[in-house]
Every structure is written in C-alpha cells, then in structure tokens.
Amino acid sequence: MTDQQRYHLICGREDDIRLESRVLEERLQDAVARGSRRIEVEAWGQHGIGGRLWRAGDDPLHIRVTGHSGQRLGAMGFPGTRIENMGPASDDVGWLNAGAEIIVHGHGSNGVANAMAQGKVCVAGSIGARGMTMTKHNPRFAPPELWVLGSVGDYFGEFMAGGVAVICGIEAQTPGNILGYRPLVGMVGGKVFFRGPHGGYSKSDAKLMPISDADWQWLVENLWEYLEAIGRTELYDELAERERWQLITARTPQDKVIRKTRSISEFRQSVWNRELGAGGLVGDLTDMDMSPIPLITTGELRRFVPVWENRMYAPPCEASCPTGIPVHERWRLVREGRVDEAVDMALAYTPFPAAICGYLCPNLCMQSCTRNSASMPSVDITQLGRASIDAKAPELPPITGKKAAVVGGGPAGISVAWQLRQAGHEAVVFDMSEQLGGKMRHLIPESRIPKEVLDAEFERIRSVLPHVNLQQEMTKDEIEQLKADYDFVVIAAGARKPRILPVPGVERTVAANDFLARAKRGRIEPGRTVVIIGAGNVGCDAAVEADRLGAENITLIDVQEPASFGREREHAEAAGAKFRWPCYTREITEEGVVLESGEVLPADTVVVSIGDVPDTEFLLDSVQIENGFVKVNAHYQTTDPKIFAIGDIVRPGLLTDAIGAGRKAAAAMGEIAGGRRPASATGMGPELNSVSDAGLQMIDTSRVSLEYFDPRISAFSGVEQCGASCASCGTCRDCGICEAICPRGAISRKQLPGADYEYVADPDLCIGCGFCAGACPCGVWAMRENDPLN
C-alpha cells in the first residue's frame, strides 16, 4: 500500500478516557484541513462522525469508522465524502445528509436517512423505525437514495417528499412484512422499490405502480454498485429477478383518496343534541342557550380580550435606576424634538445630570435595557447625560418656613438638600471639607470625570443651595443644637474610616481614600512599583492615579476574584495594572508585601483598599447603630424621628444609590412637614427591587416587540438616534400600529382632554385574536382572560 493509500488514524480514546464528540470532530476537521483524505476513526460511541467535512473541497474523502459509532453517523455529510462504518450503526445515520455516501456493514437503528436531501445510504442489514422520513429532493441534484438489504421498521417513509428507497428483503428482520407498521403515511414524493411481502401501507398517500423499463434499468444498474459497496455481490443474480420487485409511488393531489367526512350540522344532530340536548346528560339541568354560536366570537363570548395597559408597568430602565429617573420619558421628549426639556427633566431627580448619567454611573438603565435581550446595543444614556452640562438651574418655589440641616456635602447630602429646596424648604449644608462634593470632588480621578464638568455642576448647585458651611467638624453637642434649631437633621456624612488590615507592618501602608485625595492634589509620589491590596473599584481608581503619577509596575491583589467592574476596571487594565487572586497578606515590610505563600511582592508604595466604615461617634445616643451603620426605616428615618440618614453611613452603595436615597428622604420629610404620613414605601428605602418609585412593577420584557428596530446599528450617532431607538417599554408611542393591524377594525384612537389619548377596542367588533398585543412595539396591549359567563 502506498503512502497515499494509508489511513490517518484518529482514536476516540486518549489515556483510557473517551474523547467528547466535539473534541473528536475537531480533530477530524483538523486532519482534513491539513490534507488527509483517507482517515480511519476508532470510535467509542462519539456522535456525528464524518459530517460537515467541507474543508476537503472537491477532493474525494474516505472516512472508515471502526469500533462503535454513536448517533448521527454522517449527519450533514458533504458531496465527495464516503463514510464506511465497519459494523452496525446507531440512530439517525445520514440525518440531513447533503451529498455524502454512507455505507453501514451491519444493521442500522432508527431514523436512517431522516430528512436527507442528497447522497446515498447503503445498509448491509435491516433498519429500525422511521427510516427515510421527511426526505426531500431538489431537482437540480440527483435524488437521495437509501438501499437496505433486509427490512425496514415502523413508520417508514413518513412525510417522504422525495428520493428513492430500495428494500431488498434479504435476511429481513420481519420476513412477513418488510415495510413495517404504517409505512408511507403522508408521502408526497419519491419512489420505494421493494422485494417481498408487506402488511399494507397508507393507500390515501401512496399507490402501487408497474415498474417501467426505465425504472428497472436504473435499478439493476445501481444494484451491482450497492452490492459491491457492502461486499455482497453474490446476491446479484437472486436480486436481479424483475418479477419479484414492486414499486410504490406517491399519489398526486388529483388522485388522493377522498374520505367521506361528517358535516358540522350532521354532528350536531346525531351527537351533540343527543348527548347534551333535552333528555341528554345536562339538557334537563340548565336553561343555557345551546344554539350554535358564530365561528369567530365577539363580545362576552371571547375567551381573551385586549386591554390597553398604558403606563401600568415601569420600563426596565426606570425600575433599575436607583435615582428613579424616568429614562424612557426623557427619550420621548427627544423624539418630539424637545431635547432641552429632556435635559431639564433630570434636574427634578438629581443635581448631577451630567456628572452621574454622563460619566460616573455604571448605567444600570443601560444594563437592563430591553434591547439587550435581542443582542442590540442598549440606548446610550451617557449621550443625553453629557448633553446636560448646560442645563439651567430650575425655578425655585417660595420658602415654606421649614428648615433642614444636612450634615455632609457629598452626593447624598447635596441630593437631599437639592430636593428639599425644590419643594420649598430651606436646606443648610454642613461639611468638614474645604469644598463641596465628597468623593466626587476629592477622590475620583479626573480620567473618569473632567474637572470642568464638576465645576459646571457645582456652580449650578450653589445657585440653588446658597447656605453652605464648610470645614465644620461635628460633635454630639452640635448635632443636638442642630436638632433644636431645625425641623429636620439629615446625616449624610458617608463612610470615612478605612478598614484596618490586621497584619504586621500595616503602618507602612496608605489607605486608598487618602492615596486618592493626595494624588488628586499632587501631594504623593508612589514610586515605580505599587501594590494595591483590594481589587475593587476604589482599588482600580488608585491604580489609575498611580499610573498617572509615574508608577510602572502596578499589581492589585485580592483574597477572591476581584469585584471591580465597569469603567473603573477598564481604566485600570488600560493603565497596565495586573490582577492577582487569591492572595493572602502575611505582613508588610520595607521590601513590599509578603504573602502567606512566602512570596514577596516588591513595592515602593502599598495601598490598602478593603473598604471603609462610617464614623458615628458624633451621633446622638437616640440614633441606633446596627453593625456599624445607622439603622433607618423605609423612609430613611432613624430611631430619632427628627433625624434622617442617607448614603454610605446607612449602607455602602453606588453614587446613584446615595442620590436616590436623598430624593426619597426629602419626599418623606416633605410629607411630615405638611402634617401627613409619608407615602407608601413601595420601591423606596435601602433595598433594591424591580418596582419603580411610582410603585409600578417592571414590565415583562417579552411583551415588547423589537422587530421594528434595525439590529445592524452597533453605536448611536447622537441623542436623536438614541431617542428613536428607545422601545418605550410599557408606554404608548402613539404609533397607530394596533389600529392599522386589527383585522376587524375594532381598535380606535380616542382623544381625551388636553394632550392625553387612549386606544380602545370595540367589544362588538373585537374577536380577541391578539394581533394588537403581538404587534405593539411597546408592550402596552395585553390579552386578558374574559369574565366568565354566568
């Protein structure tokens, strides 16, 4: 045998372990790609051997399978591929075959040649049930062929639409019925040559036909080729006797057997009335109208009725936004050309429309956008956020006479003061720093938020909140005095105390917040090598600042997989920072960080970023502390009724959590100041849920139809395109699709006073088909079960 005739061997076991089918196929594909055209596969039950070998191109390819092949031998085989299985085969041989020649030297199991479109399957024995089902034939190519030496199992040729089957009846498994039970049901095309007795077939779909000379010539010419392939040429003379063969073909639509069917009126008279009418099972028990109803029902006879549920559910963007901004309403204003109003709308919810939405927020609204479910980019709120830099301060109402002292000038404190002033209450801010802004101003690197953006935001804020007292350290006595001088006191002092790393040498480290503050003022030189203990988002910010200050080797270590995410992680990785975990610190020395493993990580500067805790020493005893944080109710009210607490002093969270908490606390104080009990806390308080601030459950996104939007758009060119791409989940866009698509014209638009409107369905015309609900891009229409009949 020459080198070209030798087989390239691929074994289905490695180190006495069976290879996965996927791995075996990858090795087979790789061998073909490298030029092998004669391959032997030692199979151990792997599936799909020999299929999809398109890399051979026009070259003939021979696959010999030894051992035990699994299901779908030669599935989706390509023209030019010859697959020879040296024993019996499992289910679905030649499934979806597109041109391969498959030879089975033994019996075949169920589903042989199922849905085959081209190629040939030759079986040297019998096959199981549902062989040659759902085959098809493209007239541009030769029809698919199935050759069986023995018999076929039940339901052979079911829904056969093309191809040729040849059943020889030699050594048949069922010698008295070589076609099995109920063959050729639903046959609409193709031919079946068979030799031997049969137990019947679907005569309404198929018929016996004489074998023409042309058909016989085709059969005898291909018979020798088949017997040669399976190694049984000695049977040729026995099988070449024409009088032993029969032919079944599909009936044409014109000669289909027409069975007499019972009409509806006959059924009603002979069955329905006899069983359910007078004298029947229930006829004497009810006076319900038992007369026939229309085939398509309307009114109270509909099983389901359409309901226009406009604004009854919150869109995912609004429900997931801790600040409670109705993002979809902003995009509606953009679609209507009212971009300035869309920008100004955010000021009712946050004092930082540009800094937060445009730069610092992880944009939970975008993460929850319904468009993500269709692998389309979420609507980009950062574009509208950055456009908000020029937003003007809102008009303020007159002062009501109620006053609140806000301790803390970070995002939470500014948010609650902003909301109180917009409600007409005076708010005075006290902060221990030289400038307002908390971590936004003092800790977050400028790589994440440009200085000019913060300056513009705080200039607007100072125009609304003129009463600010800076560099004010608070004590219990001062809190007691504030409580006496003001109607409410809000504690928004954040979490300023760094957690201490309990290892020797910790005095050689610098806390992450201290590092960031000094770095932003240019008062620290980290050196060439920096190790950051704690790989969260704050640690990532420290890495970015260290890189800006000249550090060349930056490593973040953690005891677990880092919790960092979003832009902070991206910026740290872009700065070249390396992440390592799990790493356990034993001690800090002059050389650097010593790990429990004994490894020393060299470091000029070691930054500890393992979290911060609140300083609550200045709070009154009437304010209960729980696990180091201030305990509050759903309205952010502490155990002292006049004192509220928000932000990181209550629970660590995002900037948007702090801003949202300020808005909700301000609303509760406004209710109390007006002598009312605060509104229901549904969707309020420190706990996250899928309920909006308005108390609406988030809409089921499967109700929203995204087929109207171009999936090829991968980025948005401006706020106008963003607005057009918003699905407006749960809120009607007034597109009129439901009105246009209703097959009965049952839906109409009804104008209400002012600019309001609604769509209504006429029950006398509506048939409850659900077209409106299925076509609505916003998910506003729902099909609800009709009221039961009395």
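Positions within a chain are numbered from 1, following the residues in the order the chain's sequence is written. At least 70 in pLDDT is required for a residue's local features to be given in this predicted model, at least 80 for side-chain atom pairs to be given and counted, and no such filter applies to totals for whole chains, interfaces and linings, which use all residues. Excluding hydrogens and water, the side-chain values take into account all heavy atoms of the structure.

Novice: Explain the overall build of the protein chain to me, please; I cannot follow it from the model alone.
Specialist: Each helix and strand in the protein chain was counted, giving 21 helices and 34 strands. Taken over C-alpha atoms, the radius of gyration is set against a globule rule of 2.2 Å times the number of residues to the power 0.38. Over its C-alpha trace the protein chain gives a radius of gyration of 39 Å, far above what one expects of a compact globule, namely 28 Å for 790 residues. For the protein chain, the C-alpha atoms occupy an extent of roughly 115 × 85 × 45 Å along the three principal directions. Exposure is judged per residue with a 1.4 Å probe applied to protein chains only, and the accessible area is read against the type maximum: over 50% gives exposed, under 20% gives buried, and values in between give partly exposed. Counting all 790 residues of the protein chain, 49% fall into the buried class. With an accessible surface of roughly 37,900 Å², the protein chain has 51% of that area assigned to carbon and sulfur atoms. A run of H or I in DSSP becomes a helix once it reaches four residues, and a run of E becomes a strand once it reaches two; helices and strands are each numbered from the N terminus. Here the accessible surface of atoms and residues is derived via Shrake-Rupley with a 1.4 Å probe, and residues count as covered only by protein chains that are part of the display.

Novice: Any chance you could explain the sheet that holds strand β21 (residues 529–533) here in plain terms?
Specialist: As a general point, the strands of a sheet are linked pairwise by backbone hydrogen bonds and lie either parallel or antiparallel. What the 5 strands build is an open sheet, ordered β20-β27-β21-β22-β23; its pairing is parallel. Each edge of the open sheet is held by one strand with a lone partner, namely β20 (510–511) and β23 (578–580). For two strands to be treated as a pair, DSSP must find at least two bridges joining them.

Novice: What exactly am I supposed to notice about the sheet that holds strand β7 (residues 98–104) here?
Specialist: The strand order across the open sheet built from 11 strands is β1-β4-β5-β6-β7-β8-β9-β10-β11-β13-β12, with neighbouring strands paired in mixed fashion. If you trace the sheet from one side to the other, it starts and ends with β1 (8–11) and β12 (206–209), each paired once. Taking each pair of neighbouring strands and ignoring which way they run, the sheet shows an average axis angle of 15 degrees. The sheet contact formed by strand β10 (residues 161–167) and strand β11 (residues 189–195) spans 5 bridges and is parallel. Residue Ala-165 lies in a different strand from β11, and its bridge partner there is Val-192. Residue contacts follow a heavy-atom distance rule, with two residues in contact if any of their heavy atoms lie within 4.5 Å. Whenever a helix is involved, its axis is fitted only over the stretch in contact; in every case the axis is a line through C-alpha atoms, and angles between N-to-C directions fall within 0 to 180 degrees. Those strands touched by helix α1 (residues 21–33) are β1, β4 (38–44) and β5 (61–68), and its axis lies near 165 degrees from that of β1. Helix-sheet contacts for helix α2 (residues 213–230) involve β6 (81–85), β7, β8 (118–123), β9 (145–148), β10, β11 and β13 (245–250), and the interaxial angle to β9 is about 65 degrees.

Novice: When you look at the pattern of salt bridges in this model, what are you seeing that I'm missing?
Specialist: Proximity of charged atoms lets side chains of opposite charge pair with each other. A carboxyl oxygen of Asp or Glu within 4 Å of a side-chain nitrogen of Lys or Arg is what we treat as a salt bridge. What the rule picks out here adds up to 45 salt bridges. Residues Arg-130 and Glu-158 are paired through a salt bridge, measuring 2.9 Å at the closest nitrogen-oxygen approach. Residue Arg-130 is located in the loop between β8 and β9, and its partner Glu-158 is located in the loop between β9 and β10; the two are separated by 28 residues in the primary sequence. Among the salt bridges present, the one from Arg-580 reaches Glu-599, with a minimum N-O distance of 2.9 Å. Of this pair, Arg-580 sits in strand β23 while Glu-599 is found in the loop between β25 (592–595) and β26 (600–602), placing the two residues 19 residues apart along the sequence.

Novice: What should I look at first to understand the packing of aromatic side chains in this one?
Specialist: Within a pair of aromatic rings, the relevant descriptors are the distance that separates the centres and the angle that separates the planes. Any two rings among Phe, Tyr and Trp, with Trp reduced to its six-membered ring, count as a pair given centres within 6.5 Å; such a pair is stacked if its planes are under 30 degrees apart, edge-to-face if over 60, and tilted if neither. Scanning all chains against the criterion turns up 11 aromatic pairs. For the pair Phe-352 and Phe-458, a centre-to-centre distance of 5.8 Å together with 65 degrees between the ring planes defines the contact as edge-to-face. Of this pair, Phe-352 sits in the loop between α7 (339–345) and α8 (355–360) while Phe-458 sits in helix α13 (residues 451–464); the two residues are 106 residues apart in sequence, bridging distant segments of the chain. Considered together, Phe-352 and Phe-458 belong to a single accessibility category, that of buried residues.

Novice: How should I be thinking about empty space enclosed by the protein in this particular structure?
Specialist: Where empty space is left can be seen by rolling a probe of water-molecule size over the atoms. Space inside and on the surface of the protein is sampled on a 1 Å grid over the protein atoms alone, with a cavity defined as a set of points where a 1.4 Å probe fits but cannot get out and a pocket as an open set with protein on both sides within 12 Å along at least 5 of 7 lines; lining residues have an atom within 4 Å of a point. Grid points are joined across faces, edges and corners, and a volume is the space filled by probe spheres set on the points. Taken as a whole, this structure holds 5 cavities of 30 Å³ or more when the rule is applied. Reported here for the largest cavity is a volume of approximately 160 Å³. Lining the largest cavity are 17 residues; nearest its centre among them are Cys-317, Cys-369, Thr-370, Val-379 and Cys-726. Contributing elements (two or more residues each) for the lining of the largest cavity: α5 (316–320), α6 (327–335) and α9 (364–367). It is α6 that contributes the most residues to the lining of the largest cavity, 3 residues altogether. In terms of residue class, the lining of the largest cavity is built from 13 nonpolar, 3 polar and 1 charged. Roughly 130 Å³ of internal volume is contained in the second largest cavity. Side-chain classes follow a simple rule in which Ala, Val, Leu, Ile, Met, Phe, Trp, Tyr, Cys and Pro form the nonpolar group, Asp, Glu, Lys and Arg form the charged group, and the remainder, Gly included, forms the polar group.

Novice: What should I look at first to understand helix α16 (residues 537–548) in this one?
Specialist: Three- or four-residue spacings in an α-helix give side chains the same orientation, since the helix completes a turn every 3.6 residues. With 12 residues, α16 should cover 16 Å at 1.5 Å per step; its first-to-last C-alpha distance of 17 Å lies within 8% of that length. Counting buried positions along α16 yields 9 of 12 residues, so the element is predominantly enclosed. If you check which residues of α16 are buried, you get Asn-537, Gly-539, Cys-540, Asp-541, Ala-542, Ala-543, Val-544, Glu-545 and Ala-546. As for α16, its buried residues are in contact with α15 (512–520), β21, β22 (553–557), α17 (566–574), β23 and β27 (605–608). Once α16 finishes, Gly-550 follows within two positions and takes phi at roughly 110 degrees, a positive value. Here the expected span of a helix is defined as 1.5 Å times the quantity of residues minus one.

Novice: Just to check I follow, could you spell out the packing of helix α11 (residues 411–422) against α13 for this structure?
Specialist: Helix-helix packing is characterised by the crossing angle of the two axes and by the distance between the axes. At their nearest, the axes of α11 and α13 sit 10 Å apart, and the two run at 45 degrees to each other. Relative to α13, the element α11 is oriented oblique. Crossing geometry of α11 relative to α13 is assigned as left-handed. Listed contacts from α13 to Ile-414, Trp-418 and Arg-421 of α11 are Phe-458, Arg-460, Ile-461 and Val-464. For the contact of α11 with α13, the residue count by class is 5 nonpolar, no polar and 2 charged. Small angles under 35 degrees read as roughly parallel and large ones over 145 as roughly antiparallel, with 65 to 115 read as roughly perpendicular and the rest as oblique. Note: crossing handedness is left-handed where the near helix turns anticlockwise from the far helix by less than a right angle, and right-handed where it turns clockwise.

Novice: I'm lost on the packing of α15 against α16 in this one. Help?
Specialist: Direction vectors running N to C along α15 and α16 enclose 35 degrees, while the axes themselves pass 10 Å from each other. α15 and α16 meet at a crossing whose hand is left-handed. Together, Ala-512, Asn-513, Phe-515, Leu-516, Ala-519 and Lys-520 of α15 and Val-538, Asp-541, Ala-542, Glu-545, Ala-546 and Arg-548 of α16 make up the contact between the two elements. Each residue belonging to the contact of α15 with α16 can be placed in one class, and the counts come to 7 nonpolar, 1 polar and 4 charged.

Novice: Any chance you could explain the nonpolar core here in plain terms?
Specialist: Generally speaking, soluble globular proteins have nonpolar side chains that are buried together. Formed by 86 residues in total, the largest nonpolar core has its most connected members in Trp-331 and Ile-491. Not counting chain neighbours up to four residues away, the residues in contact with Trp-331 comprise Val-379, Asp-380, Ile-381, Leu-384, Val-719, Cys-722, Gly-723 and Cys-726. By nonpolar core is meant a set of buried Ala, Val, Leu, Ile, Met, Phe, Trp, Tyr and Cys residues that side-chain atoms within 4.5 Å join together.

Novice: What should I look at first to understand the pairing of β13 in this one?
Specialist: Along any regular strand, the residues point their side chains to alternate faces of the sheet. With 5 of 6 residues buried, β13 lies mostly within the body of the structure. Bridge count between β11 and β13: 5 bridges; the pairing is antiparallel. Following the sheet pairing, Phe-194 is matched in β13 by Gln-246. Bridge analysis of β12 against β13 gives 4 bridges, and the strand direction is antiparallel. By the bridge assignment for β13, Met-209 is matched with Leu-247.

Novice: Explanation requested: the side chain of Asp-431 in the structure shown.
Specialist: Along the chain, Asp-431 falls in the loop between β16 (426–430) and α12 (438–442). Excluding its chain neighbours within four sequence positions, the residues that come into contact with Asp-431 are Gly-408, Gly-409, Gly-410, Asn-469, Leu-470, Gln-471, Gln-472 and Arg-496.

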